[in-house]
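Overview (structure and organization)
Here is how the chains run, residue by residue.
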Amino acid sequence: MKNIFYTIICCLISLTSLAQSDFDYENPDGRDPREEGMHQDTTKEQRNVPRHRLTWKWVHDGVYREYYPIDTLQDGIQNTNLIFKHSVSNTYLGNFPSPYISDIYILRPRGEDFLPLDRVRDYIFKPEDALDYNTTVPFTQLSYFNGGGRGKTEDWLDVWHIQNILPVWNAGFRYNLISSDGAYSYQKSKTYNFAFFSSYEKDRTAVSMFINQNMGHYNENGGVENLADIRDTSLDAKVVGTRLAMEPNNNFMNFNFKVLAQYNMGNPKEIITPIDSVTIDTTITYPMKFALGIKVEDNRYKFQEETVETNFFDTTYINRQKNADVINNRKYDIDAKFILNEHPKYKYLPGVYAGLKFKYLKYEQRVSLDTVNNIGTSKYTGTYLTAGTFNMDTTTMFNFDIWGSFCFAGEYSADYSLEGKIIQYLNKGRNSSVTIHALLDNQTPNHYYEQYQGNHNQWENSFDKIHAYNLKGYYKNKRLRTEIGIAINNTKNYIYFDTAAMPRQYDGNLMVFTAWAKQVFRLGRFYFDQKVYYQIVNKDEVLPLPELALHSHNYYQNRFFKDALGFQIGLDLFYNTSFYANAYDPAIMQFYNQEIEKTGNYPKLDVFITLNIKRADLFIKYEHVSEYIGNRNYFSAYTYPINPAKLKFGIRWNFYD
């Protein structure tokens, strides 16, 4: 009761305020990012080029642009764990980085073709995460965060550099390293990636390219041996016994290459859009274009045991001394389409497109318990018809985007997907809107579920196709910082890992209802940023979820010394109700169901101070201060406690001329 009491108090404080925030929060005024972007005609050279950056992403591989502001906001910099930037509640192994699964069902990824990547998705950088840039001045962002102290240190280094080599040619790179010793023994983990990206756009031609490699190494300790060492004592984390001590480890490599080429056809038309009283946006549009996207992805996963700890694993099939379970995967996607663009004069006349997509996957893995001839190769192909219609004109009050695909040949034959969203804006400034998103899906199960032969796990299945029917709607007001929504997800033939860590298919209808609310309140210089999710599932023995999860971000903000110094001081509260959170199997790097013990009902509290000095943001944070308040039942996954209290600090520095 004590935990619930002070959780509710922290949240209800915000409800006493009635005014909205005016803090620079996620582009709160709903301004088009192009207002801060590059206002130039790419067909003409300009001598007096303004210092601006334009950032966008091509939706559906070349159909239309979606613009994004570059993240230079001070707020939220102290929240260094990437999985909690994406989801307010997660089941994870306590360390950063470590395998995880979101406790908010609608925030879980749709699924990677190479399934182990689902457990580390927020730590890696892939082509679908990358943006295109056009910048008149070089831009560099350097971030470094550290915490934990000697023997428990946690480091995160993130470096970006972006610049235009020519007015029509941009290039950049990113290096990202996350490394942690871990608070508990045998918990060291590291994830890093390097990416190079470039884009070229002139007259009728636009080409963008992305190439990178992600790497991850995770020592596995199997969780703590005695849960009472956490709950009933104040032992140093390094002397708490763990269930694995010979340091088996999981490793992955993910390589990506993507090129997107577009060629515009027809007679060009110059479109001049007033941005404000002194600024105009001049663009050249064409009636149609051809787009070709090529993606290559290479994956390698290995579970390695220098010494096999048979007392931990229920079964050992292959080697009781030393072992390595390896899966290799390669994927090719070729996507070609013709696009009839939206008409610049008739605002509500939609664009349409149609094309073909070819998908090829190859798996190499152990297929038998034979220790000599045990590696097999499986190949899967699919040829898809793709089509869509859209009207995403940024000057209209009604937008929609509907797209679909149908596989007519290959191992994925009869797979289909129909998805769409409609957006109705409620005022001329487009600051408030209602969005409806729907999905109808019929997909072949991931091949990882079909066959696996490992030292401690093996299965061979023949699962039916997975049918999904999802509907989501939400109201958003950017000026008031409000978002309220509901979602209904219905999945037939849902696949999960049962209490024996074996893939199982539930042949009924699995239904999840989700409601959420996000609100930023203001009372003077005090800000209260609240995110709350409520979930109900009809078969919690198949899909365990917390009923309630929230993040309460509260702070005081001001500027001093003639606005030269920005200052925040506040607290972050993370909380979810108790539920049978998943257990974790290190041998397959997957979470699975357990019905032994519930976790949750534990408020995790962090306190922080952030400073802004010109282009540099700094923070100091004491994470998990609630370890010293109330009970010590701070487990995330079953047998895996979150890290004890630690001091963290960091800096993010932007450099540009």
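These remarks concern the structure in this document. (Residues numbered from 1 in each chain as written. Predicted model: local features only at pLDDT ≥ 70, side-chain atom pairs only at ≥ 80, totals over all residues. Heavy atoms only, no water.)

A few words now on the overall build of the protein chain. Assigned secondary structure in the protein chain consists of 3 helices and 34 strands. Counting the 657 residues in the protein chain, one finds 53% classified as buried. The contacts in the protein chain between residues at least 6 apart in sequence include a share of 65% that link residues at least 24 apart. Only carbon and sulfur atoms are counted for the fraction: they give 57% of the accessible area of the protein chain, which is about 29300 Å². (Helix = DSSP H or I, 4+ residues; strand = E, 2+ residues; numbered from the N terminus. Buried < 20%, exposed > 50% of the residue type's maximum accessible area, 1.4 Å probe, protein only. Contact = heavy atoms within 4.5 Å. Areas by Shrake-Rupley, 256 points an atom, 1.4 Å probe, with all protein chains shown as cover.)

In this section: the sheet that holds strand S6 (residues 132–135). Spatially, the 3 strands line up as an open sheet ordered S3-S2-S6, and their pairing is antiparallel. On the outer flanks of this sheet lie strand S3 (64–67) and S6, each paired with one strand and no other. Each strand of the sheet is rotated relative to its neighbour by a mean of 35°, with strand direction disregarded. The pairing of strand S2 (residues 53–59) with S3 spans 4 bridges and is classified as antiparallel. Bridging from a neighbouring strand, Trp58 pairs with Arg65 of S3. (Pairing = 2+ DSSP bridges. Axes fitted to C-alpha atoms, helices over the stretch in contact; angles between N-to-C directions.)

Considering all chains together, one arrives at 36 salt bridges under this definition. Among the salt bridges present, the one from Lys331 reaches Asp113, with a minimum N-O distance of 2.6 Å. Of this pair, Lys331 sits in strand S16 (residues 323–340) while Asp113 sits in the loop between strand S5 (100–102) and S6, and the two are 218 residues apart along the sequence. With a shortest N-O distance of 3.6 Å, Lys531 and Asp529 are connected by a salt bridge. Judged on exposure class, the residue Lys531 and its partner Asp529 are both buried. Taken together, the shared-partner salt bridges connect Glu154, Lys604, Asp606, Lys621, Glu623, Lys646 and Lys648 into one network. (Salt bridge = Lys/Arg side-chain N within 4 Å of Asp/Glu carboxyl O.)

This part is about the nonpolar core. Ranked by size, the top nonpolar core spans 63 residues in total, and within it Val120, Tyr123, Tyr184 and Tyr448 carry the most contacts. If you tally residues by element for this core, the top one is helix H2 (residues 82–86), at 3 residues. Setting aside its immediate chain neighbours within four residues, Tyr448 contacts Leu115, Ile327, Trp459, Phe497, Ile588 and Gln590. (Core = buried A, V, L, I, M, F, W, Y, C linked by side-chain atoms within 4.5 Å.)

Here the focus is the packing of aromatic side chains. Counted by the stated rule, this structure contains 37 aromatic pairs. Taken together, a centroid distance of 6.2 Å and an interplanar angle of 80° make the contact between Tyr363 and Tyr380 edge-to-face. Of the two residues, Tyr363 is situated in strand S17 (residues 351–366) and Tyr380 in strand S18 (residues 375–391); the sequence distance between them amounts to 17 residues. Of the two residues, Tyr363 and Tyr380, both sit in the buried class. Within the aromatic cluster, the residues linked to one another by ring pairs are Phe96, Tyr100, Tyr123, Phe145, Trp156 and Phe619. For Arg174, the ring lying beneath its charged end belongs to Phe125, and the centroid distance is 4.8 Å. (Phe/Tyr/Trp six-rings, centres within 6.5 Å; stacked < 30°, edge-to-face > 60°. Lys NZ or Arg CZ within 6 Å of the ring centre and 35° of its normal.)

Moving on, we get to a nonpolar patch on the surface. A cluster of nonpolar side chains, Ile422, Leu426, Val434, Ile436, Leu471, Ile486, Ile488, Met511, Phe513 and Ile536, forms an exposed patch at the surface whose accessible area comes to about 780 Å². Listing elements by their share of the nonpolar patch, those giving two or more residues are strand S21 (432–443), strand S25 (482–497) and strand S26 (503–523). Along the chain, Ile488 falls in strand S25. (Patch = residues over 30% accessible without salt bridge, like charges linked within 9 Å, V, L, I, M, F, W, Y side chains within 5 Å.)

When you line up the elements, Asn554 lands in strand S28 (residues 548–560). Looking at Asn554, the relative accessible area reads 9%, which means it is buried. Only 2.9 Å separates the side chain of Asn554 from the side chain of Gln530, close enough to count as a polar contact. (Polar contact = N/O pair within 3.5 Å; in protein donor to acceptor, adjacent residues only side chain to side chain.)

In this section: the side chain of Asn256. By secondary structure assignment, the location of Asn256 is in strand S12 (residues 249–265). At 2.6 Å, the side chain of Asn256 and the side chain of Asn254 are in polar contact. Residues within four places of Asn256 in sequence aside, it is in contact with Phe125, Lys126, Pro127, Phe210, Ile211, Asn212, Asn214, Val296 and Glu297.

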